[in-house]
Each structure stands twice: as structure tokens, then as C-alpha cells.
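# A look at the structure
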Amino acid sequence: MHRAEPRRPSSAARVALWGVVALLIGYGSLYPFRFRFPGLPLESLLQVPPLWTRPSDVFGNMLLFVPWSLCGWWAGRGTAWRRAAPVLLGGLAWALLLQVLQLWLPERVASLGDVFWNALGLAAGLLLATRLHDAPRTACIAILALWLLGLLLPLLPFWPAGLPLAWVRSLQATLSLPLPAALVWHVAGGWLSMRLLQGLGAGVRAAVGLVVGVLLLGPALPAAHPDPAQMLGLPLGVLCALYGRERADGLLIGLIAAVYTFDGLWPFRWRPLGMLSLLPFDSLLHGNMLNNLRHLCARLAIYAGVLWLIQQRCQRLPPLATLLVVGWVVSVEGAQAWLVGRYADIGELFWVLLAAGLVHLAGPLHPAAGAAPVSGPHGLDPLASTAGRSGEG
């Protein structure tokens, strides 16, 4: 007896998702919305801008419009040109309008250089969208990509003269004792990534290649430091997924929930008065933008990964399970209001709801696609630890 194919999301739902992405881009570009009149003259926008500023700015501007292209292509109909034209033209118009509006924001620097990087992000997103025709497989790839971004941003190795020595130090780090919480993070990440690769039908070579690539590229990144938890946790997570496979998905979900909760409430130093930011994404848009982007990618990989595991188990995403995941995330985030050095951000509710919506719209993998043809290991890791995410109040 064949299982019924999941229903394809309606065109209205896909257009609505595209609109949500547009609003998110606008929110991040115009935050904190303290407009000043009169603003800078329009001529200041026409000055020759410095294209390369900081890696966080460059990659942020590019990545900002990749989801625009993916969702716009998915929402479109007709030939490739008819689908690509509104994505490109609309994206460029939206990017330019946001830069013009930034002329009235003292905290922002309006620049056509940002539009240039936005355009590259639009092109990269379209190129990716034309090669991703299977929504369930695309969801797996997206969760894996979020994990990689959480670990390896800004993806620009500097290849120092002492890089071989950095690799030796990384190997030496495996001889030191890792922090238990960090070790469990990377075990859970490796386990989840393995399950995603199994869903994609990838074998042992893909899994080993991805882990080795992460471990070799990590020491070449700016401000990199040896991480024994990562060196030990990723391979161990692969082994757990190899021998547990889909039978142990419940254990994996419990492991992720436990370590996420521990990380979110550490160091358990409570204060009598809570602090709640009513401005969404306030913690994300303050401090080091590159670190914030890493943490966001890691958290999205966590939320979407847990929901994906539930969906694969049930071949749908049950509303009760979704409510439990949302309640778990909101409870941990809400408790941070009473933690010293942190505060609760209501924007976290949006991220987990967005992850749930995307996983639901993508639908489950066909059962046959979830069974990897190789007997033995298959996978890799995702989640970068969200440790260190703190608010300044």
C-alpha cells in the first residue's frame, strides 16, 4: 500500500512566505526606526562607495537577499524568465528603496555598495533556486547549510603562514578535556547532520568529507581557536547516527532539547527583576553582527532540524508537536529575562514559527528517499553552539 503524496503548498502560501521575507529584510535594514528629518541629501547616495568594508557587512548584505530569490522563484509561475524577472527587478528595487530610507536614519550609512552585494545575493539565490526542484530535499540542504554557516562564517579562510601549525594545535586540542556541554552540542550536531544526509541518500564518503572539511577549514578562519569538543563531537555524532538511524530519532530530539535548554539557561544566575525586549530581534541587531549571524544560523538549524525529525517520523508535522516545540523555545527564551547578563527577546518566537512554517511547506521526504542505500554510516553535523549569546540590556 502506497502512502499518499504530500499536498503541494498553495500559491497563496508561497507568495505570503515571500512577503514575510521582504518584511524581514526591511525590518533588519531600517532598525531601530529612529528617523531624523531632514535627512542626508540624496546626492550622498550617489558617491562612489567602498565595496569592501567588513566581512560581516559584506556577507550579511549578500545572504540577506538569497532567501528573497529562493522564495520568489518558488512563488512564481511560467517560464524561467517570467519567474526570474520579478525576483531580480523587485529585489533590486526593494534594496535601493531601503538604502534611500536609510538617509533619514542617523545610525545607518546609506550606500550603493550595499545594493551591489544585495544584487550578488539575488543572483546567487536565483542560481541556487534553478537547481533545487524538490522542496523536501531542499529543506534538508537548507538545514545543513545553516549548520555550516553557524560553524564557518565568514567562510573566508586567511591561510596564514603558520596554518600547518594551527592544524597541529587543533590535533593537540583533542588530547585536552572538552567542556561537556560543548561536546554534547557537537555530538547532537553531527548526529542531526548525519540524519539529514541519510535523508538525501548520501553515503559514508559524503559524511566523512563534510566533517573533515569542517575540521580542516575551521583553523584557517579569522580568530579561530582549537576546539576539542568539535574535534571529538562531530565524528562521535556520525557514529551515533550510523548505529541509531531513524529508530533513535526520539533520543536525538531529547538530546538537542536538553543541551539547548542547558545552554540557554547557563550559568543559572538569577535576578529578581526580569528584562524583556519588546522590540523584536533586538539582541540580534546589537553587538558583533558576525557572531549574531552565526548564532541565528545555529538556532534556525536547531528548530528546523527538530521539526524535520518529527515530520519524517510521522510523515507530516502534527500541530501538537509544533506547539510543544514552540512552547519549549519560548519557555527557555522567557526564562532568560531573569538571568544575569541576558534578556528575553520576543523575536525568538518568530524564528521558531518561521522554521515550522518552512518545514511544513516543504513537506516530508518520500519514505523511499529517507532510506540510504549504503549499509553503514552516512552523515554529518550541524549546530554551532549558541553559547555566549547575551544581551546588554
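Description of the structure in this document.

Calculation criteria
- Residues numbered from 1 in each chain as written.
- Predicted model: local features only at pLDDT ≥ 70, side-chain atom pairs only at ≥ 80, totals over all residues.
- Heavy atoms only, no water.
- Helix = DSSP H or I, 4+ residues; strand = E, 2+ residues; numbered from the N terminus.
- Buried < 20%, exposed > 50% of the residue type's maximum accessible area, 1.4 Å probe, protein only.
- Contact = heavy atoms within 4.5 Å.
- Areas by Shrake-Rupley, 256 points an atom, 1.4 Å probe, with all protein chains shown as cover.
- Expected span 1.5 Å × (residues − 1).
- Core = buried A, V, L, I, M, F, W, Y, C linked by side-chain atoms within 4.5 Å.
- Patch = residues over 30% accessible without salt bridge, like charges linked within 9 Å, V, L, I, M, F, W, Y side chains within 5 Å.
- Salt bridge = Lys/Arg side-chain N within 4 Å of Asp/Glu carboxyl O.
- Axes fitted to C-alpha atoms, helices over the stretch in contact; angles between N-to-C directions.
- Parallel < 35°, antiparallel > 145°, perpendicular 65-115°, else oblique.
- Left-handed = near helix turned anticlockwise from the far one by under 90°.
- Nonpolar A, V, L, I, M, F, W, Y, C, P; charged D, E, K, R; others polar.
- Phe/Tyr/Trp six-rings, centres within 6.5 Å; stacked < 30°, edge-to-face > 60°.

### Things to note about the overall build of the chain
Within the chain, the regular secondary structure consists of 13 helices and two strands. In the chain, buried positions account for 47% of the 393 residues. Summarising the internal contacts of the chain: among those between residues at least 6 apart in sequence, 87% fall at separations of at least 24. As displayed, the chain offers around 19400 Å² of accessible surface, 71% of which is attributable to carbon and sulfur atoms.

### Some remarks on helix H9 (residues 228-244)
Taking 1.5 Å as the rise per residue, H9 with 17 residues should run 24 Å; its terminal C-alpha atoms sit 24 Å apart, in good agreement. Within H9, the full set of buried residues consists of Pro228, Ala229, Gln230, Met231, Gly233, Leu234, Gly237, Val238, Ala241, Leu242 and Gly244. Positive backbone phi, at 50°, marks Arg245, one or two positions downstream of H9.

### Details of the nonpolar core
Formed by 80 residues in total, the largest nonpolar core has its most connected members in Trp68, Tyr260, Tyr303 and Trp351. Setting aside anything within four residues of it in sequence, one finds Trp68 in contact with Trp18, Val21, Ala22, Ile25, Val87, Gly90, Gly91, Trp94 and Leu122.

### So, a nonpolar patch on the surface
The grouping of Phe262, Trp266, Phe268, Trp270 and Trp338 at the surface amounts to a nonpolar patch, some 560 Å² of accessible area in total. For Phe268, a relative accessible area of 35% translates into the label partly exposed.

### A few points about the packing of helix H11 (residues 289-314) against helix H12 (residues 319-335)
Any two packed helices are characterised by the angle at which their axes cross and by the distance between the axes. Contact geometry for H11 and H12: axes closest at 11 Å, N-to-C directions at 155°. Comparing their axes, H12 and H11 come out roughly antiparallel. Considering how the two elements wind past one another, H11 and H12 form a crossing that is right-handed. Listed contacts from H12 to Ile302, Tyr303, Val306, Leu307 and Ile310 of H11 are Ala321, Thr322, Val325, Trp328 and Val329. For the contact of H11 with H12, the per-class residue count stands at nine nonpolar, one polar and no charged.

### Here's the deal with the packing of aromatic side chains
This model, assessed by the stated rule, comprises 15 aromatic pairs. Their ring planes at 50° and their centres at 6.1 Å tell us that Phe65 and Trp68 sit as a pair that is tilted. Here Phe65 pairs with Trp68, and both are found in helix H2 (residues 55-75), just three residues apart, close to one helical turn.

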